[in-house]
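Coordinates in review
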Amino acid sequence: MTRTRPAAQAARSAQRTRGTPAGVTALHGDTLIAPQQKVLVLQGGGALGAYQVGVYEALHERGIEPDWVIGTSIGAINAALIAGNAPEDRLPRLREFWARVEHAAPTEGLRLWPGLGNLFNNLSLVSRGIPSFFTPNPAAWAGTQAQVGVEAASYYRTAPLASTLAELVDFDRLSSCRPRLTVGAVNVRTGRMHYFDSRDTRIGAEHVMASGALPPAFPAIRVDGDPYWDGGIYSNTPIEAVLDDKPRRDSLIFAVHMWQPTGPEPESIWQVMSRQKDIQYASRADSHIARQQQIHHLRHIIRQLARKVPVAERETPEFRELASWGCGTTMHVVRLLAPRLDGEDHTKDIDFTPAGIRARWQAGYADALRVIAREPWSAPVDPMDGVVVHAA
């Protein structure tokens, strides 16, 4: 929505900014900006990641291929499957991965106890694992595991995932082709979030697995000698990776969320457990974006103030340093939020049943088609707004 602010008065005579089509160079005031990039940002959320695949399928069908894919946890796996394959192979590889991780429980479709949804189906996965993803670590379950290091201190082993990724992702392609891939993981020792970026690093299976190494279920993964865990325990919504990127570029960002930031008051212990997960893994996405909206607005103000400096004084090093904090980029953030499904409970993130995967995939596909048809990013926006949010 367009808003009027006193600070924006100087820009009122400027032409209002529209979403710039890919491949077209935009002119913001006196600064030439690189063509708009399309970015796909994928949250972590286990089985809920099927929603992300539906979103990508709709984008792919409409000819919208990302220039950059950013993911955490299952979002990192989906991101690697997209970025690590040619456009025509991406959906087949995604379908193959999700077919391999399907878990058909004996009681699927039955509700054995009111209010527990698919609990018993999903808990059967806990005992058996998923052969192409993770398998139980018997020593850990028995409580007899010796102190053998952080790489083995987990309830499951993830060696099967390494094999699956090796078969379905062309990691050599990530170093030489677009799209750019970024995956987030947290350093176990320092507690700091780290984004492994194919622009700067040769991404391998270990980087993707590190991003999905959720403790204590999964073991830490070492990268360059340091152990890493799932980035979701620090920040499950990796949108800051693109909003803080340098050099700044106009961007159309599809941010795909699976956890509900708002919800009704829980009335049972099961609902409490479910609500706690939603709040934890929604990961302050709203506050991240609000902060970035303020920062980018200030950058636009700096750009406007810099224009008021006499031309003769603009060549000094001091001016250039201060003016470099300004910009005229516009970030359109399209937020897609996975809906609640009937019967889901606090185990929804391990609901790898065929019905659960299918329902979330279809929801992502339908939501993305609707927002693509509306194309809200093409509407005029306030030229002083650097980050514009569109709800799907």
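Before reading further, recall that the structure is shown in the block above.
What this report covers is the structure whose coordinates are included nearby. (Residues numbered from 1 in each chain as written. Predicted model: local features only at pLDDT ≥ 70, side-chain atom pairs only at ≥ 80, totals over all residues. Heavy atoms only, no water.)

1. Structural notes on unusual backbone geometry
Following R178, the chain continues into P179 via a peptide bond in cis, with omega recorded as 5 degrees. Within the secondary structure, P179 is located in the loop between α7 (171-176) and β7 (180-187). Look at the link from P215 to P216: it is a cis peptide, with omega at -5 degrees. In this structure, D224 takes a positive phi of about 55 degrees despite not being glycine. On the secondary structure map, D224 appears in the loop between β9 (221-223) and β10 (226-230). Here D224 falls in the exposed class, since its relative accessible area comes to 75%. (Helix = DSSP H or I, 4+ residues; strand = E, 2+ residues; numbered from the N terminus. Buried < 20%, exposed > 50% of the residue type's maximum accessible area, 1.4 Å probe, protein only.)

2. Some words on the packing of helix α2 (residues 74-83) against helix α3 (residues 87-100)
Contact geometry of α2 with α3 gives a least axis separation of 8 Å together with a crossing angle of 140 degrees. Between α2 and α3, the interaxial angle falls into the category oblique. Each of I74, I77, N78, L81 and I82 in α2 lies in contact with α3, whose residues at this interface are R90, R93, L94, F97 and W98. For the contact of α2 with α3, the class distribution of residues is seven nonpolar, one polar and two charged. (Axes fitted to C-alpha atoms, helices over the stretch in contact; angles between N-to-C directions. Parallel < 35°, antiparallel > 145°, perpendicular 65-115°, else oblique. Contact = heavy atoms within 4.5 Å. Nonpolar A, V, L, I, M, F, W, Y, C, P; charged D, E, K, R; others polar.)

3. What to know about a nonpolar patch on the surface
A cluster of nonpolar side chains, contributed by I269, W270, V272 and M273, occupies part of the molecular surface with about 350 Å² of accessible area. By secondary structure assignment, the location of V272 is in helix α10 (residues 269-282). (Patch = residues over 30% accessible without salt bridge, like charges linked within 9 Å, V, L, I, M, F, W, Y side chains within 5 Å. Areas by Shrake-Rupley, 256 points an atom, 1.4 Å probe, with all protein chains shown as cover. Salt bridge = Lys/Arg side-chain N within 4 Å of Asp/Glu carboxyl O.)

4. A word on the packing of aromatic side chains
Under the criterion given, the structure shown has twelve aromatic pairs. Between F196 and Y228, the aromatic rings sit 5.1 Å apart at their centres with planes inclined by 75 degrees, giving edge-to-face as the arrangement. Taken together, the positions of F196 in strand β8 (residues 193-197) and Y228 in strand β10 put the pair 32 residues apart, joining distant regions of the chain. Take F196 and Y228: they sit in the same class, and that class is buried. Through a chain of ring-to-ring contacts, the aromatic side chains of F97, W98, F133, F134, Y156, F218 and F352 assemble into a single cluster. (Phe/Tyr/Trp six-rings, centres within 6.5 Å; stacked < 30°, edge-to-face > 60°.)

As far as function goes, none of this settles anything; it's purely spatial.
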